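# Descriptive analysis of the structure
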Amino acid sequence: MRKELFLWLACCMAATVLWAKPVDYTNARVKKIAELRGVPKQSYQGMAIYGDYVVSLQNTGQATIYRLHADSLEMLRQFPLASQMQQNHANVAFFGTERYDKADLFPLLYVSQCSKQQYNGMKDVCFVERISLTAAPELVQTIVLDDEEGLFGYALQWMIDRKHKLLIGYGNTVENMGKGNRWRTIIFPMPKLSDGAVVHLKPKDALDNYCIQDLDARFPSNHIGQGACVIKDQMFIPVGVGTEKHPSILYVWNLRKKRLDHILDFQQQVPHEFEDCEPYGRDLIMQTNGGGLIRFSPCTHKVK
């Protein structure tokens, strides 16, 4: 009995170690899941996944909730977020680690304003919303970086490292194609809902704050940045608009080792504008403009 228990524990530990390895999307299988059915005349932007639910956001904060099936999307609900306005580009979205109420289906949804326009005198805001399949959405918290030093230029986008309970800001220091532009990463402990309706983050309180080009020159200073997400210790950064001049590329930045792990060119498979991305099991789901929802599945065999 002890031997059987030992073998069972050994298998579990081996499986855990295997799962802990970063997922490599080099030579990934790329497949379109379905077209998106958002509101007309608004571009697709942020996206968040919880279980089989996909929350697709569009410019100004329009939301559509789908149920994700193997090769289709079932639309469940469409509504404007509580933060819906012209100043909200809704460029990145994430589900956090807290629920407003323990009975809620969804954790709190974090939405990056990601606009050069100000909201109530603030810029680089992260809206925290309580959403559901039935009730009206509620804006329950607003997080803002007090960027008196001018660390970020055109826009700052926020993402969550749920594993380590961190809030990560990422964005350009000037603007996407601006002279002297670089791409900065700033990391804070994850604010809690109990911290209040408005949370001000100050650079001096950051756990880390650096420009990627200072650590790895392979990451280009000028490109059209899109959404981003964190999987384990890696930040997945889609860029480009699906053209020859600005191709669809996925950069994989190692947050722990502070280096580029992968530069993945998907222009041939996805000649469309990358937007936000999220993990779904071992797959990566990418929202695009013009190409619908795309699934990237890691290659399960070695390529000669």
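Here is a short report on the structure shown in this document. (Residues numbered from 1 in each chain as written. Predicted model: local features only at pLDDT ≥ 70, side-chain atom pairs only at ≥ 80, totals over all residues. Heavy atoms only, no water.)

Before going further, it helps to examine the overall build of the protein. A tally of helices and strands in the protein yields one helix and 21 strands. The C-alpha radius of gyration computed for the protein amounts to 19 Å, which stays within 12% of the reference 19 Å derived for 304 residues, consistent with globular compactness. Projected onto its principal axes, the C-alpha coordinates of the protein cover approximately 65 × 45 × 40 Å. By the burial criterion, 54% of the 304 residues in the protein qualify as buried. A fraction of 53% describes how many contacts in the protein between residues 6 or more apart in sequence connect residues 24 or more apart. (Helix = DSSP H or I, 4+ residues; strand = E, 2+ residues; numbered from the N terminus. Rg over C-alpha atoms; globule rule 2.2 N^0.38 Å. Buried < 20%, exposed > 50% of the residue type's maximum accessible area, 1.4 Å probe, protein only. Contact = heavy atoms within 4.5 Å.)

What follows deals with the sheet that holds strand β20 (residues 283-289). The antiparallel open sheet is built from four strands, whose spatial order is β1-β21-β20-β19. Of all the strands in the sheet, the pair left with one neighbour each is β1 (29-34) and β19 (273-280). On average, each strand axis in the sheet is tilted by 30° relative to the strand beside it, whichever way the strands run. As judged from the five bridges shared by β1 and strand β21 (residues 293-297), these two strands associate in the antiparallel manner. Of the residues in β21, the one forming a bridge with Lys32 is Ile294. (Pairing = 2+ DSSP bridges. Axes fitted to C-alpha atoms, helices over the stretch in contact; angles between N-to-C directions.)

Judged by nonpolar contacts, the single largest core of 58 residues is most densely connected at Phe236, Ile237, Leu284 and Phe296. The leading source of residues in this core is strand β17 (residues 249-254), at five residues. Leu284 has contacts with Tyr25, Cys229, Ile231, Phe236, Leu250, Cys277, Glu278, Pro279, Ile294, Arg295 and Phe296, leaving out every residue within four places of it along the chain. Listed in part, the 21 residues of the second largest apolar core include Val55, Phe95, Val111 and Val125. (Core = buried A, V, L, I, M, F, W, Y, C linked by side-chain atoms within 4.5 Å.)

If you walk through the whole model with that rule in mind, you get twelve aromatic pairs. Between Tyr50 and Phe106, the ring centres sit 6.1 Å apart and the planes meet at 75°, which makes this aromatic pair edge-to-face. Of the two residues, Tyr50 is situated in strand β2 (residues 44-50) and Phe106 in the loop between β6 (92-95) and β7 (109-112); the sequence distance between them amounts to 56 residues. Its relative accessible area of 2% is what places Phe106 among the buried residues. When the centroid spacing of 5.3 Å and the interplanar angle of 85° are considered together, the rings of Tyr53 and Phe106 count as edge-to-face. Of the two residues, Tyr53 sits in strand β3 (residues 53-58) while Phe106 sits in the loop between β6 and β7, which places them 53 residues apart along the sequence. Each member of the pair Tyr53 and Phe106 is classed as buried. Aromatic ring contacts, followed pair by pair, group Tyr50, Tyr53, Phe95 and Phe106 into a single cluster. (Phe/Tyr/Trp six-rings, centres within 6.5 Å; stacked < 30°, edge-to-face > 60°.)

Here we come to the pattern of salt bridges. A full pass over the atoms with the stated rule returns 15 salt bridges. When the shortest N-O distance is used, the salt bridge between Asp214 and Arg182 registers 2.4 Å. Separated by 32 residues along the polypeptide, Asp214 in the loop between β14 (208-211) and β15 (229-231) and Arg182 in the loop between β11 (166-172) and β12 (183-189) bring together distant segments of the chain. Given the relative accessible area of 52%, Asp214 is considered exposed. Taking relative accessible area as the criterion, Arg182 reaches 30% and is therefore assigned partly exposed. Asp216 is paired through a salt bridge with Arg218; the nearest N and O atoms lie 2.7 Å apart. When its relative accessible area of 8% is taken as the criterion, Asp216 is described as buried. What makes Arg218 partly exposed here is its relative accessible area of 49%. (Salt bridge = Lys/Arg side-chain N within 4 Å of Asp/Glu carboxyl O.)

What follows is about the sheet that holds strand β16 (residues 234-239). Across the sheet, four strands lie side by side as β15-β16-β17-β18; this open sheet has antiparallel pairing. Both edges of this open sheet fall to β15 and β18 (259-265), since each of them pairs with a single strand only. Neighbouring strand axes in the sheet, compared pairwise and without regard to direction, differ in orientation by 25° on average. Pairing analysis gives six bridges linking β17 to β18, with the strands arranged antiparallel.

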